[in-house]
Amino acid sequence: EDPVKEVNVFLEGSEMNMLTNNTGTYAFEGQFSGSDYVVKPTKNNDPLNGVSTLDLVMIQRHILGLEKLGSPYKMIAADINKDKKGTASDLTELRKLILGVTNAFENNESWRFVDKTYNFQDPQSAQAESFPEVYFIDNMATNMEVDFMAVKVGDVNGNVVANNNGGSTESRSGNVLNLTTTNQTFMAGQTVQVPVILSHNADVSGFQFTVNFDQE
C-alpha cells in the first residue's frame, strides 16, 4: 500500500478542497462540531501510469479462468469501462489506451477510491458491489481520520508510481527474444499487416513494442 500524492480531496459542507502530500495525507482544520460533511477524493490524470501489456495479459487470464486476480481492489482496477463486470470489452478499452488509440478512459477515471473500512461481500465480484467511494460524516463530534484505498484503474500488477518515494517497477528477465517478419513495400496511407514470428520456441503470454520502418 503506497501513499498517493496529489489526490484532490473535497470536503462537501465546508466547500474546501486540498491535494494530498507525498505521504498521501490531508487535513481539514477548523470544522464545526455537529456539522455534516462528505469527504470526496478524486484523481484523474496520467491513465497510463502503471499500465502495460502485462496488465492486459493478467486481466485476460482472469477472465478466461486461468489465473484469478485474487484481490477485490484488483477486480475494481480491471473494470476498465466501469460497467461492474469483467469482460472482453475491458480488454478492448485497455488495449486502445496502451496502443495510443485513446488517451483516457472513456467511462472511468484514472483512479478510484474505496472507503478503507468497507468489507466486500464477495471479493471476487468486488467491481459489482456498491462500495463507498466517498465518506459521510454525520453530526461530527470529534476529530476524525478518514482513510481510502486508492485503486489505479488498469494496473493489476501493482507497479503504479504513486508518489516521489520511489515507485514499483516491473521485473524483466533480461533474456533476448528474437522476432522476425517479412520485408514489405507500402505507400503512405496504406493499411499494412505485419506478421511477427518468434524465431524459436518460447513461453510468451504477450509482448509490447514499437515498430520503426525505413522511409524512402
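All of these numbers come straight from a predicted model, not from anything done at the bench. (Residues numbered from 1 in each chain as written. Predicted model: local features only at pLDDT ≥ 70, side-chain atom pairs only at ≥ 80, totals over all residues. Heavy atoms only, no water.)

A.B. asks: I tried to follow the overall build of the chain on my own but got confused; where do I start?
C.D. replies: In terms of helices and strands, the chain carries three helices and eight strands. Element order for the chain, N to C, with α for helix and β for strand: β-β-β-α-α-α-β-β-β-β-β. Taken over the C-alpha trace, the chain has a radius of gyration of 21 Å; the compact-globule value for 216 residues is 17 Å, which it surpasses by more than 25%. By sequence separation, contacts in the chain at least 24 residues apart represent 64% of the contacts at least 6 residues apart. When the accessible surface of the chain is split by element, carbon and sulfur atoms take 47% of a total near 13,900 Å². Separation of charge centres in the chain, based on 15 positive and 28 negative side chains, amounts to 5 Å. (Helix = DSSP H or I, 4+ residues; strand = E, 2+ residues; numbered from the N terminus. Rg over C-alpha atoms; globule rule 2.2 N^0.38 Å. Contact = heavy atoms within 4.5 Å. Areas by Shrake-Rupley, 256 points an atom, 1.4 Å probe, with all protein chains shown as cover. Lys, Arg positive; Asp, Glu negative; His and termini not counted. Charge placed at Lys NZ, Arg CZ, Asp CG, Glu CD.)

A.B. asks: Help me understand empty space enclosed by the protein in this model?
C.D. replies: It is the rolling of a water-molecule-sized probe over the atoms that shows where space remains empty. Inspection of the entire model under this criterion finds one cavity of 30 Å³ or more. Approximately 50 Å³ is the volume found for the largest cavity. Every residue lining the largest cavity is listed: Ile59, His62, Ile63, Met75, Ala78, Asp79, Lys85, Gly86, Thr87 and Asp90. The dominant element in the lining of the largest cavity, judged by the number of residues it contributes, is helix 1 (residues 53-63), at three residues. (1 Å grid on protein atoms, 1.4 Å probe; cavity = no way out; pocket = protein on both sides within 12 Å on 5 of 7 lines; lining within 4 Å. Points joined across faces, edges and corners; volume = space filled by probe spheres on them.)

A.B. asks: I keep staring at the layout of surface pockets and nothing clicks. Help me out?
C.D. replies: Within this model, the largest pocket holds a volume of roughly 1,200 Å³. As for the largest pocket, its lining consists of 47 residues, of which Gly24, Asp147, Phe148, Met149 and Ala150 are closest to the centre. Mapped by element, the contributors of at least two residues to the lining of the largest pocket are strand 1 (8-12), strand 3 (37-42), helix 2 (72-78), strand 4 (111-115) and strand 6 (148-152). If you tally residues by element for the lining of the largest pocket, the top one is strand 6, at five residues. Residues that form the lining of the largest pocket fall into these classes: 26 nonpolar, 12 polar and nine charged. (Nonpolar A, V, L, I, M, F, W, Y, C, P; charged D, E, K, R; others polar.)

A.B. asks: So what exactly am I meant to see when it comes to the nonpolar core here?
C.D. replies: Note that soluble globular proteins tend to have their nonpolar side chains buried in a common cluster. Ile76, Leu94 and Phe120 are the most contacted members of the largest nonpolar core, which has 22 residues in total. Mapped onto this core, the elements with two or more residues apiece are helix 1, helix 2 and helix 3 (88-99). Ranked by size, the runner-up nonpolar core spans 15 residues in total, among them Tyr37, Ile137, Val146 and Ala162. (Core = buried A, V, L, I, M, F, W, Y, C linked by side-chain atoms within 4.5 Å. Buried < 20%, exposed > 50% of the residue type's maximum accessible area, 1.4 Å probe, protein only.)

A.B. asks: Before we go on, may I ask you to explain the packing of helix 1 against helix 3 in this structure?
C.D. replies: When two helices pack together, their arrangement is given by the angle between the helix axes and the distance between those axes. At a closest axis distance of 10 Å, the pairing of helix 1 and helix 3 adopts a crossing angle of 175 degrees. In terms of axis orientation, helix 1 runs roughly antiparallel to helix 3. Contact with helix 1, carried on its side by Thr53, Leu56, Ile59, Gln60 and Ile63, involves Ala88, Leu91, Leu94, Arg95 and Ile98 of helix 3 and no other residues of that element. Of the residues in the contact of helix 1 with helix 3, the class split is seven nonpolar, two polar and one charged. (Axes fitted to C-alpha atoms, helices over the stretch in contact; angles between N-to-C directions. Parallel < 35°, antiparallel > 145°, perpendicular 65-115°, else oblique.)

A.B. asks: Help me understand helix 1, please; the structure alone is not making it clear to me.
C.D. replies: Regarding helix 1, the residues found buried are Thr53, Asp55, Leu56, Val57, Ile59 and His62. Looking at the buried residues of helix 1, the elements they touch are helix 2 and helix 3. Just downstream of helix 1 lies Gly65, where phi reads positive at about 80 degrees.

A.B. asks: Can you help me understand the packing of aromatic side chains in this one?
C.D. replies: What describes a pair of aromatic rings is the distance from one ring centre to the other and the angle between the planes of the rings. Counted according to the given criterion, the structure contains five aromatic pairs. Ring centres of Trp111 and Phe113 lie 6.5 Å apart, and the angle between their planes is 15 degrees; on these two criteria the pair is classed as stacked. Every member of this aromatic cluster is reached through a ring pair, and the members are Tyr73, Tyr118, Phe120 and Phe131. (Phe/Tyr/Trp six-rings, centres within 6.5 Å; stacked < 30°, edge-to-face > 60°.)

All quantities given are derived from atomic positions and should not be read as evidence of function.
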